[in-house]
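Observations on chain architecture
Spelled out, the chains give:
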Amino acid sequence: MSHELRQYLEYWHALGGGKFPPERSHLDLRQLASILRWMFILEMDESGTLKFRLAGSCIEEALGCRMTDQAYSDLFSVNQKAVITEELYALSLVQGSGLLRSGHFTPDGKMNMNLQVLALPFTDQRAMGGVVMVGVVKPFDFNNHGFTDRRQGFDQFVDEVLSVPSPRFLSEDQLSSRLAAKLKDKGVTLNILDVDAVLRSDFGGG
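The notes below deal with the structure included here.

A few words now on the overall build of the protein chain. Per the secondary structure count, the protein chain includes 6 helices and 7 strands. Element order for the protein chain, N to C, with α for helix and β for strand: α-β-β-α-α-α-β-β-β-β-α-β-α. Here the C-alpha radius of gyration of the protein chain, 16 Å, is about what a compact globule of 206 residues would show, namely 17 Å. With the C-alpha coordinates aligned to their principal axes, the bounding extent of the protein chain is approximately 40 × 40 × 40 Å. A buried classification covers 51% of the 206 residues belonging to the protein chain. By sequence separation, contacts in the protein chain at least 24 residues apart represent 64% of the contacts at least 6 residues apart. A total accessible area of about 10,200 Å² is found for the protein chain, and carbon and sulfur atoms account for 49% of it. The distance from the centre of the 21 positive side-chain charges to the centre of the 26 negative ones in the protein chain is 1 Å.

If you want it as structure tokens, here you go:
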């Protein structure tokens with residue numbers, strides 16, 4: 001787990017994450033200023049559509065488009081593999097559990113870059129279902145100062161998925177048959193993150 005994701009996990013855990021989803025109103029972004037540009041908030045609207053309530057400036061610039069108030073499927077529909085991630089986020093929202101995924105992506109159809117994303121639940125009475133997912137992406141190098149729309153060349157690949165208990169967690173029997181088949185086809189198993197073990201480990205640990 002990267003330093004940035006570990007920092008965010010520690011902060012969420014200190015707010016009560018793991019025992020219960022913390023309240024969104026208790027999230028003090030000033031304490032996460034160093035990673036704020038790499039953070040995002042996902043919520044589900046009345047139709048069940050997954051949407052970005054907010055997205056950090058680095059994520060928007062890397063993708064080359066405004067993401068706030070946009071549907072996840074509209075941003076990543078060109079990539080069929082993104083369906084896996086979208087369904088996992090939606091299930092985690094409904095369940096009120098966190099999600100840690102790792103893999104790689106290509107921002108332009110050429111370069112291969114490592115990807116780590118940690119999304120954790122917060123209660124928010126303004127959101128459908130009363131839960132939003134606040135996430136952070138492991139920072140990566142990008143050069144898109146012209147804000148060129150890169151969605152056509154963007155592709156992402158999931159290598160590992162971990163459910164983060166809060167205290168509920170996502171299990172394989174909660175997956176749709178279609179999603180379970182997609183994960184199996186990619187050789188990805190759904191495991192559970194031992195948050196306490198991670199927080200006890202050194203930053204350089206596993």
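Looking now at empty space enclosed by the protein. The tally for this structure, following the rule as stated, stands at 1 cavity of 30 Å³ or more. The space that makes up the largest cavity amounts to roughly 280 Å³. Looking at the largest cavity, it is lined by 20 residues, and the ones nearest its centre are Ile 59, Phe 76, Arg 101, Val 137 and Phe 154. Residue assignment for the lining of the largest cavity shows that the elements contributing at least two residues are β1 (39–44), α2 (57–63), α3 (72–76), β3 (98–106) and β4 (113–123). Of the residues forming the lining of the largest cavity, the biggest block, 3 residues, is contributed by α2. Looking at the lining of the largest cavity, its residues break down into 18 nonpolar, 1 polar and 1 charged.

Further remarks concern the nonpolar core. Residues Tyr 8, Phe 40, Tyr 89 and Leu 118 are the most contacted members of the largest nonpolar core, which totals 63 residues. For this core, the element with the most residues is β4, which contributes 7 residues. Filtering out sequence-adjacent residues up to four positions away, Phe 40 remains in contact with Phe 52, Leu 54, Ala 55, Ile 59, Tyr 89, Val 117, Ala 119, Met 133, Val 134, Gly 135, Val 136 and Val 137.

Evaluation of the coordinates by the stated rule reveals 9 aromatic pairs. When the ring of Tyr 72 is compared with that of Tyr 89, the centres are 6.0 Å apart and the planes differ by 70 degrees; the resulting orientation is edge-to-face. Linking Tyr 72 in helix α3 with Tyr 89 in helix α4 (residues 82–95), this pair joins segments that are 17 residues apart in sequence. On the basis of relative accessibility, which here comes to 3%, the residue Tyr 72 falls in the buried class. Consider the rings of Phe 140 and Phe 142, whose centres lie 6.1 Å apart with planes at 65 degrees: the pair is edge-to-face.

Bringing the sheet that holds strand β2 (residues 50–55) into the picture now. Backbone hydrogen bonds hold the strands of a sheet together, and the pairing may be parallel or antiparallel. Read across the open sheet, the 7 strands follow the order β2-β1-β5-β4-β3-β6-β7; overall the sheet is mixed. Each edge of the open sheet carries a strand with a single partner, namely β2 and β7 (190–192). Across the sheet, the mean angle separating the axes of adjacent strands is 30 degrees when strand polarity is ignored. Here β1 pairs with β2 via 5 bridges, running antiparallel. Considered in β2, the bridge of Met 44 is made with Leu 50.

What counts, and where the lines are drawn
- Along every chain, residues carry numbers that run from 1 in the direction the sequence is written.
- In keeping with the model being predicted, local features are shown solely for residues with a pLDDT of at least 70 and side-chain atom pairs are shown and tallied solely at 80 or more, while totals for entire chains, interfaces and linings include all residues.
- Computation of side-chain values: all heavy atoms of the structure, hydrogens and water removed.
- Put simply, DSSP H or I for four residues or longer makes a helix, DSSP E for two residues or longer makes a strand, and each gets a number counted from the N terminus.
- Atoms considered for the radius of gyration are the C-alpha atoms alone. The globule rule reads 2.2 Å times the number of residues to the power 0.38.
- In this scheme, a residue with accessible area under 20% of its type's maximum is buried, one over 50% is exposed, and one in between is partly exposed, where area comes from a 1.4 Å probe on protein chains only.
- Note on contacts: a residue pair qualifies if any of its non-hydrogen atoms lie within 4.5 Å across the two residues.
- Note on areas: Shrake-Rupley with a 1.4 Å probe; residue coverage comes only from the protein chains shown.
- Charged-residue counts in this description rest on Lys and Arg as positive and Asp and Glu as negative, His and the chain ends being excluded.
- To locate a charge, the coordinates of NZ of Lys, CZ of Arg, CG of Asp or CD of Glu are taken.
- Cavities and pockets are defined on a 1 Å grid built over the protein atoms alone: a cavity is a set of grid points where a 1.4 Å probe fits but cannot escape, while a pocket is an open set with protein on both sides within 12 Å along at least five of seven lines, and lining residues are those with an atom within 4 Å of any such point.
- Grid points are joined across faces, edges and corners, and a volume is the space filled by probe spheres set on the points.
- By the convention adopted, Pro, Cys, Tyr, Trp, Phe, Met, Ile, Leu, Val and Ala count as nonpolar, Lys, Arg, Asp and Glu as charged, and the other residues, Gly among them, as polar.
- Only buried residues count toward a nonpolar core, which is a set of Ala, Val, Leu, Ile, Met, Phe, Trp, Tyr and Cys residues joined through side-chain atoms within 4.5 Å.
- Note on aromatic pairs: the rings of Phe, Tyr and Trp (six-membered ring only in Trp) are paired at centre separations within 6.5 Å, and the planes decide the class, stacked below 30 degrees, edge-to-face beyond 60, tilted for the rest.
- Two strands form a pair only when DSSP identifies at least two bridges running between them.
- In this analysis, axes come from line fits to C-alpha atoms, helices being fitted only over the stretch in contact, and the angle between any two N-to-C directions falls in the range 0 to 180 degrees.

Function cannot be inferred from these measures alone, as they are strictly geometric.
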